[in-house]
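A look at the structure
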Number of protein chains: 2
Amino acid sequence: MKFIHTADWHLGKLVHGLYMTEDQAYMLEQFIELVKAEQPDAIVIAGDLYDRSVPPTDAVNLLNDVLFRLNVELKVPVVAIAGNHDSAERLSFGSSWYRHTHFYLEGKLPHLFQPVHIEGVNFFLVPYAEPAAVREVLGNPSITTHDEAMKAIIQHMEPYISSDDPNVLVGHAFVTGGQTSDSERTLSVGGADHVSAENFAPFSYTALGHLHHPHAISHPTVHYAGSLLKYSFSEASHKKSISIVEINEKGIAHRTERVLKPKRDMREIEGYLDELLDPQYYKNQETEDYLKVSLLDEGTLHDPIQKLRHVYPNVLHLERKVDWMDSKQKQIYQTVQQNKMSEVELFEIFYQEMTTATFSPEKKKWLELVIDEVKKKESVTL
Amino acid sequence: MKFIHTADWHLGKLVHGLYMTEDQAYMLEQFIELVKAEQPDAIVIAGDLYDRSVPPTDAVNLLNDVLFRLNVELKVPVVAIAGNHDSAERLSFGSSWYRHTHFYLEGKLPHLFQPVHIEGVNFFLVPYAEPAAVREVLGNPSITTHDEAMKAIIQHMEPYISSDDPNVLVGHAFVTGGQTSDSERTLSVGGADHVSAENFAPFSYTALGHLHHPHAISHPTVHYAGSLLKYSFSEASHKKSISIVEINEKGIAHRTERVLKPKRDMREIEGYLDELLDPQYYKNQETEDYLKVSLLDEGTLHDPIQKLRHVYPNVLHLERKVDWMDSKQKQIYQTVQQNKMSEVELFEIFYQEMTTATFSPEKKKWLELVIDEVKKKESVTL
């Protein structure tokens, strides 16, 4: 039995103020091609289909379109759960109608944890839920942490866990020791969000969502799929992939990864401004990629972001790698702090910094007149 | 062939700051009972299922639950369109999966207007759309008004309109001359929102939503269902109902109305405060109803809303029927306006209005001290 394990699509995600929907659609187009080629028995999406409880309508249209093509047109069973970014209620709407085409979508925490059977494998669905919600649904007042919640849920599954067939758990959780990145939202503060991997011992394979690195943990049977795309520069070094899992009758799971190529990669470049703007430097690069640029230059630079975007249109973040103020500038700043200079004195320093001309006594006189006039106007207005 | 025509459920509606979800659920429970008793061949919901594009999750759960019971459990075909309050995209999600149980939900304007066939009747679905959207979908640049849009849509339907079987149009529009109420949202300003009833001549029956009165227009074949509940006091006199439509083979439609009883009615009462608080007055009334109270009393009343809510917990609006200021009070107000009294003088008048005690020179002195102190504090803060 072969299934595809994916998670954390985060449709409708904004990265540095930019909607990723076009990049997501591009990636999902490849995903559909992969499904056509692999012909899996099922597709597992382990939560965070959307990036927020009320996603933009473009994202709604995209998810509807992709799921329709996978499940109705290609007739592949789909097993999906809500993650912490999804709205359990909004995602659940209509899910009862999906089952006839073997699209099993669990948004809200169920009262019973009966598995979905696909080609001899039992899939147990655990949508993301706060410990308080689990406590209420299971009527177990002792649950206060995510670990206790998961333990209790798996206990409730026990009568349904088959000893003959392989069992797979689909969940959305933060497994203890997992490697995090900046685009995940913390589940709760102070360690109460961790779930021990030991909980998942009864399962041949645990298909998780939440952490965005496909190797967020190293465990023989518990795995994260990783996110569809890089959603923060802390993930620039990740190699995002889709997991293909094959389980034999004995419940031995074998996992391979397929890397899809994004429309625009997300990466960091570093160098001197002139160097980065040199065609020799960028001629073999994908200049449309989403970039974080670190400049090594010292001293003042005139509008570097504009110059960079001329070559790299999708610079999302720019930073100066070294303290850009040279010692002379530092000294001036300190002087300003210490002596509380007059407006004219401050301007004089600024003028000398920005031009090669001399700040003549005549210029100084003109500036004083302007400053006086502004001050008078201000007092009238007040 | 028999179908039920309903519209304008507005799930998630807030009336005077109060969510109507509980009242809507109560009403829909009766609706489900009516469906069980009538066993119609279809249920038509002519738009505005929700009150807004992003309804509260309670409303999402309620709609999902009601549609599941009607369509999946009772196995009644459902034909529904988006209204101007619904989000076409959000409502559409998953609709492709609904068709196998004969739940036909059209959120977005389709490119083809092929009808849905149910028991020998053709249902043509026209979800609400702005003229600009219709212009784009139909590629017809001359469309600028709702009437032109509807005309063009119906022209596109012509190849599918059967001459043998009855044809029914399901739409969400403002038919010229229709009676409005305060809870409908104007479609566009200056008459461009009107649609002529003549457009619907090819149809045996036109099942409309938008106007909230079930008799919003008087026409042999074009009908509004009216809203599920009264959603504003301008509808207090409406008798909300569910339409049951029977069409014979010749396409002659016969419509009857069934009135459902709301959990709490919405009505207006009028009288003197003492009269309304007299058990003799309210002993035969449903005191839990949503009320607009008009008081006939003259002069000052102490906290009338509190007293009224003690008897009528759901007073949503209170107004004074007559100008409550008597001639003496009016004179004082005018004096205030004319002379710009000091704070102490103003307080003296207020004190005499509110109490039977005398505003003694000693009290006056204390007040002056307090006012001085407040003024000093204010100037320090500034």
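Numbering of residues starts from 1 in every chain and runs along the sequence as written. Chains carry letters from A onward and ligands carry numbers from 1 onward, assigned in written order. For a predicted model such as this one, the threshold for reporting local features is a pLDDT of at least 70, and the threshold for listing and counting side-chain atom pairs is 80 or more; totals across whole chains, interfaces and linings nevertheless cover every residue. In computing side-chain properties, one takes all heavy atoms of the structure into account and sets aside hydrogens as well as water.

Further remarks concern the overall build of chain A. What chain A contains, in helices and strands, is 12 helices and 18 strands. Dimensions of chain A along its principal axes, counting C-alpha atoms only, are 95 × 50 × 35 Å. Relative to its 382 residues, chain A shows a buried fraction of 51%. Sequence separation of at least 24 residues holds for 70% of the intrachain contacts in chain A that already meet a minimum separation of 6. When charges are counted, neither His nor the chain ends are considered; positive counts come from Lys and Arg and negative counts from Asp and Glu. One atom stands in for each charge, and that atom is NZ of Lys, CZ of Arg, CG of Asp or CD of Glu. In chain A, 37 positive and 55 negative side-chain charges are present, and the distance between their average locations comes to 4 Å. Helix and strand definitions follow DSSP, with helices as H or I runs of at least four residues and strands as E runs of at least two, each counted in order from the N terminus. Exposed residues in this analysis have more than 50% of their type's maximum accessible area, buried residues have under 20%, and partly exposed residues fall in between, with area computed by a 1.4 Å probe over protein chains only. Contacts are assigned to residue pairs with any non-hydrogen atoms lying within 4.5 Å of each other.

Here we come to the interface of chain B and chain A. Taken residue by residue, the interface counts 26 residues in chain B and 26 residues in chain A. When the two sides are added together, the surface that chain B and chain A hide from each other amounts to roughly 2200 Å², 66% of it contributed by carbon and sulfur. By buried area we mean the combined loss of accessible area, with a 1.4 Å probe, across both parts when two parts are placed together. Summed over the three residues of chain B that lose the most area to chain A, namely B:Arg90, B:Phe93 and B:Trp97, the buried surface amounts to 36% of that side. Definition of a polar contact: a pair of N or O atoms within 3.5 Å, with one able to donate and the other able to accept a hydrogen when the atoms are protein atoms, and with sequence-neighbouring residues admitted only if both atoms are side-chain atoms. At the boundary of chain B with chain A, the tally comes to 11 residue pairs in polar contact (both at pLDDT 80 or more). Contributing elements (two or more residues each) for the side of chain B that touches chain A: α2 (57–73), α3 (88–92) and α4 (95–98) of chain B. A per-element tally of the side of chain B that touches chain A places α2(B) first, with nine residues. In this classification, Asp, Glu, Lys and Arg are treated as charged, Ala, Val, Leu, Ile, Met, Phe, Trp, Tyr, Cys and Pro as nonpolar, and every other residue, Gly included, as polar. For the side of chain B that touches chain A, the class distribution of residues is 13 nonpolar, 10 polar and three charged.

Glancing now at the side chain of A:Ser232. Residues and elements named next belong to chain A. Inspection of the secondary structure puts Ser 232 in the loop between β13 (222–224) and β14 (242–247). Judged by relative accessible area, which is 9%, Ser 232 ranks as buried. One polar contact links Ser 232 to Ser 234, side chain to side chain, over a distance of 2.8 Å. Discounting residues that sit within four places of it in the chain, Ser 232 has contacts with Asp 182, Ser 183 and Met 266.

The subject of this paragraph is the sheet that holds strand β4 (residues 42–46) of chain A. All names here are of chain A. We treat two strands as partners when DSSP finds at least two bridges between them. Taken in spatial order, the six strands of this open sheet run β6-β5-β4-β1-β14-β15, and their pairing is mixed. Of all the strands in the sheet, the pair left with one neighbour each is β6 (103–106) and β15 (253–258). Recorded for the sheet is a direction-independent mean angle of 20 degrees between the axes of neighbouring strands. Where strand β1 (residues 2–6) meets β4, four bridges bridge the pair, whose relative direction is parallel. When the bridges of β4 are listed, Thr 6 appears paired with Ile 45. A fitted line through C-alpha atoms serves as each axis, taken over the contacting stretch for helices, and the angle formed by two N-to-C directions is quoted from 0 to 180°. Lying over the sheet, helix α1 (residues 21–38) contacts β1, β4, β14 and β15, oriented at roughly 165 degrees with respect to β1.

What follows deals with the relation of the copies chain B and chain A. Relative to chain A, chain B is turned by 180 degrees and slid 0.4 Å along the rotation axis, the superposed coordinates differing by an RMSD of 0.4 Å. These values place the two chain copies in the arrangement generated by a two-fold rotation axis. Mapped onto chain A, 100% of the interface residues of chain B again fall at the interface, so both copies present the same surface. Only residues with pLDDT of at least 70 in both copies contribute their C-alpha atoms to the least-squares superposition of the copies.

Position of A:Gln24 relative to the elements: it lies in helix α1. Excluding anything up to four places from it in sequence, A:Gln24 contacts A:Trp9, A:His10, A:Leu11, A:Gly12, A:Lys13, A:Leu62, A:Leu228, A:Leu229 and A:Tyr231.

Quick look at the packing of aromatic side chains now. When two rings of Phe, Tyr or Trp (its six-membered ring) have centres within 6.5 Å they constitute a pair, described as stacked for plane angles under 30 degrees, edge-to-face for angles over 60, and tilted for the intermediate range. Under the definition given, this model contains 24 aromatic pairs over all chains. Measuring from ring centre to ring centre gives 5.1 Å for A:Tyr351 and A:Phe359, while their planes differ by 45 degrees; the resulting arrangement is tilted. Residue A:Tyr351 shares its accessibility class with A:Phe359, and that shared class is buried. Summarising the aromatic geometry, the rings of B:Trp9 and B:Phe31 are spaced 5.8 Å apart at their centres and angled 75 degrees between planes, so their arrangement reads as edge-to-face. With B:Trp9 in the loop between β1 (2–6) and β2 (14–15) and B:Phe31 in helix α1 (residues 21–38), this residue pair connects regions lying 22 residues apart in the sequence. The class of B:Trp9 is buried, set by a relative accessible area of 0%.

Residues and elements named next belong to chain A. Along the chain, the position of Leu 273 falls in helix α7 (residues 273–276). On the accessibility criterion, Leu 273 (5% relative accessible area) is buried. The spatial distance from the C-alpha of Leu 273 to the C-alpha of Asp 297 is 6.8 Å, given a sequence separation of 24 residues. Residues within four places of Leu 273 in sequence aside, it is in contact with Leu 295, Asp 297, Leu 301, Pro 304, Lys 307 and Leu 308.

Right, let's talk about the pairing of strand β14 (residues 242–247) of chain B for a bit. Residues and elements named next belong to chain B. Of all six residues in β14, five are buried; the element is thus mostly enclosed. The pairing of β1 with β14 spans four bridges and is antiparallel. Counted as the bridge partner of Phe 3 is Val 245 from β14. Direction of pairing for β14 relative to strand β15 (residues 253–258): antiparallel, over a ladder of six bridges. The partner of Ile 244 across the bridge, within β15, is Thr 256. A loop of five residues connects β14 with β15, the two strands running antiparallel in sequence, and Gly 251 in this loop sits at a positive phi of about 85 degrees.

Here the nonpolar core consists of buried residues drawn from Ala, Val, Leu, Ile, Met, Phe, Trp, Tyr and Cys, with membership extended through side-chain atoms lying within 4.5 Å. Ranked by size, the top nonpolar core spans 84 residues in total, and within it A:Trp9, A:Phe31, A:Leu63, B:Trp9, B:Phe31 and B:Leu63 carry the most contacts. Residue contacts for A:Leu63: discarding those within four places in its chain leaves A:Trp9, A:Leu11, A:Leu49, A:Tyr50, A:Leu91 and B:Phe93.

Before going further, it helps to spend a moment on the environment of B:Glu268. Among the secondary structure elements, B:Glu268 is positioned in strand β16 (residues 266–271). Apart from residues no more than four positions distant in its own chain, B:Glu268 is found in contact with B:Phe233, B:Ala236 and B:Lys292.

This brings us to the domain arrangement of chain A. Here the bounds of each domain stem from an automatic or database domain assignment. Split into domains, chain A comes out as domain 1 (2–258), domain 2 (266–320) and domain 3 (333–381). Relative to domain 3 of chain A, the C-alpha centre of domain 1 of chain A lies at a distance of 61 Å.

Residue and element names in this part refer to chain A. By definition, a salt bridge exists where a carboxyl oxygen of Asp or Glu is found within 4 Å of a side-chain nitrogen of Lys or Arg. Evaluated as defined, the whole model comprises 28 salt bridges over all chains. Among the salt bridges present, the one from Arg 264 reaches Asp 23, with a minimum N-O distance of 3.0 Å. With Arg 264 in the loop between β15 and β16 (266–271) and Asp 23 in helix α1, this pair connects stretches of sequence that are 241 residues apart. Residues Arg 264 and Asp 23 agree in their burial class; the two are buried.

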